[in-house]
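Residue-level structure breakdown
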Amino acid sequence: KAKRYGIENLVVKGADATRTWRQFSRRFVNGLRARGLKVCAYQFVYGRRPRTEARAGARIARIADCMVIDAETHYEGRYTSAQAYMRGLRSRLGPDYPLGLTSFPYVHYHPAFPYSVFLGPDGAQFNAPQMYWKAIGHSVDRTLALTYKHNAVYGRTIAPLGQTWMHPRRSHIRRFRLRSAEYGATGVGWWDWQESAPRD
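Source: prediction; values computed, not measured.

Observations concerning the side chain of arginine 179
Positionally, arginine 179 belongs in helix α7 (residues 170-182). Within the structure, the side chain of arginine 179 is placed 2.5 Å from the side chain of glutamate 182, a separation counted as a polar contact. Excluding residues that lie within four positions of it along the chain, arginine 179 makes contacts with Asp141 and Leu144.

Now the structure itself:
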């Protein structure tokens, strides 16, 4: 189905905090690769046990093409934890392994979140802000404009992450894809597969 709809890369949850998920296995990843898909591991992190989180993240990353770190409210104010996590992850994966961050799109609304660690030196190479315009209550255009403006300071490639959950209007989904390309994005991502209806 992913191939039929022109999807090139799947991001699949492989760990939650310190616990890896059995669904994300080498066999599963190789099966998707055999169909011409790239596969990113995805880990939701909390910051309570950052070194153990880093070990779990490295385990799933080693069988994937890239990894996306989902750090949200739990990491606000936890700069030391973010540093420990990123150090642990990079020490296991090396400086060139492709890491991404997905988090709040409006940096200026979250001054205590450690963006400067996750997107700083030895941090993630790409940034996939959660631009869920319907959930936020802004238009597609405003969401993109504010996100790009306030995330540009980190100098990381922005990989726009739009929403299909909450079933936004078709015209809004199309608008997000069009406007993202106008901002220079070479592709877009969507959250998320299991909540997407056929029309999405």
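Things to note about the state of the cysteines
Taken as a whole, this structure holds one disulfide when the rule is applied. The side chain of cysteine 40 participates in a disulfide bridge whose partner is cysteine 66; the two sulfur atoms lie 1.5 Å from each other. Judged by the sign of its S-S torsion, about -95°, the bond between cysteine 40 and cysteine 66 is left-handed. Taken as a pair, cysteine 40 in strand β3 (residues 38-45) and cysteine 66 in strand β4 (residues 66-71) lie far apart in primary sequence, 26 residues in all. For the pair cysteine 40 and cysteine 66, one class covers both residues: buried.

Overview of the sheet that holds strand β6 (residues 126-127)
Strand order across the open sheet formed by seven strands is β2-β1-β3-β4-β5-β6-β7, with mixed pairing between neighbours. In the strand order of this sheet, the two ends are held by β2 (19-20) and β7 (157-158), each with one partner. In terms of strand pairing, β4 meets strand β5 (residues 99-102) through four bridges, oriented parallel. Bridge pairing links isoleucine 69 to leucine 101 in β5. Each of β1 (9-16), β2, β3 and β4 is contacted by helix α2 (residues 50-61), which is oriented at about 165° to β3, the strand it contacts most.

Section: the packing of aromatic side chains
Inspection of the entire model under this criterion finds 13 aromatic pairs. On the numbers, 5.8 Å between centres and 85° between planes, the contact of tyrosine 132 with tryptophan 165 is edge-to-face. Here tyrosine 132, found in the loop between β6 and α5 (133-136), pairs with tryptophan 165, found in the loop between β8 (161-163) and α7; they are 33 residues apart in sequence, far enough to count as distant. For tyrosine 132, a relative accessible area of 10% translates into the label buried.

Here's the deal with the environment of valine 68
Inspection of the secondary structure assignment puts valine 68 in strand β4. Linking valine 68 and tyrosine 132, residues 64 residues apart in sequence, is a C-alpha distance of 17 Å. Excluding residues that lie within four positions of it along the chain, valine 68 makes contacts with Val11, Cys40, Ala41, Tyr42, Gln43, Gly100, Thr102 and Phe126.

What about the packing of helix α6 (residues 140-151) against α7?
Closest axis-to-axis distance for the α6/α7 pair is 9 Å, and the angle between their directions is 35°. As α6 packs across α7, the resulting crossing turns out to be right-handed. Across the interface between the two elements, Val140, Asp141, Leu144 and Tyr148 from α6 touch His172, Arg175, Phe176, Arg179 and Ser180 from α7. Of the residues that constitute the contact of α6 with α7, the class distribution is four nonpolar, two polar and three charged.

Side note on the environment of threonine 143
Locating threonine 143 in the fold gives a position in helix α6. The spacing of threonine 143 and tryptophan 133 is 10 residues in sequence and 5.9 Å in space, taken between C-alpha atoms. Residue contacts for threonine 143: discarding those within four places in its chain leaves Tyr106, Met131, Trp133, Ile136 and His138.

Focus on a positive patch on the surface
A contiguous patch of positive charge on the surface is contributed by Lys134, Arg169, Arg170, Arg174, Arg177 and Arg199. With three residues, the single largest contributor to the positive patch is α7.

Structural notes on α6
The end-to-end C-alpha distance of α6, which contains 12 residues, comes to 16 Å, matching closely the 16 Å that a straight helix rising 1.5 Å per residue would cover. Residues of α6 that are buried make contact with β6, α5, β7 and α7.

So, how was this worked out
Residues numbered from 1 in each chain as written. Predicted model: local features only at pLDDT ≥ 70, side-chain atom pairs only at ≥ 80, totals over all residues. Heavy atoms only, no water. Helix = DSSP H or I, 4+ residues; strand = E, 2+ residues; numbered from the N terminus. Polar contact = N/O pair within 3.5 Å; in protein donor to acceptor, adjacent residues only side chain to side chain. Contact = heavy atoms within 4.5 Å. Disulfide = S-S within 2.5 Å. Buried < 20%, exposed > 50% of the residue type's maximum accessible area, 1.4 Å probe, protein only. Pairing = 2+ DSSP bridges. Axes fitted to C-alpha atoms, helices over the stretch in contact; angles between N-to-C directions. Phe/Tyr/Trp six-rings, centres within 6.5 Å; stacked < 30°, edge-to-face > 60°. Left-handed = near helix turned anticlockwise from the far one by under 90°. Nonpolar A, V, L, I, M, F, W, Y, C, P; charged D, E, K, R; others polar. Patch = residues over 30% accessible without salt bridge, like charges linked within 9 Å, V, L, I, M, F, W, Y side chains within 5 Å. Areas by Shrake-Rupley, 256 points an atom, 1.4 Å probe, with all protein chains shown as cover. Salt bridge = Lys/Arg side-chain N within 4 Å of Asp/Glu carboxyl O. Lys, Arg positive; Asp, Glu negative; His and termini not counted. Charge placed at Lys NZ, Arg CZ, Asp CG, Glu CD. Expected span 1.5 Å × (residues − 1).

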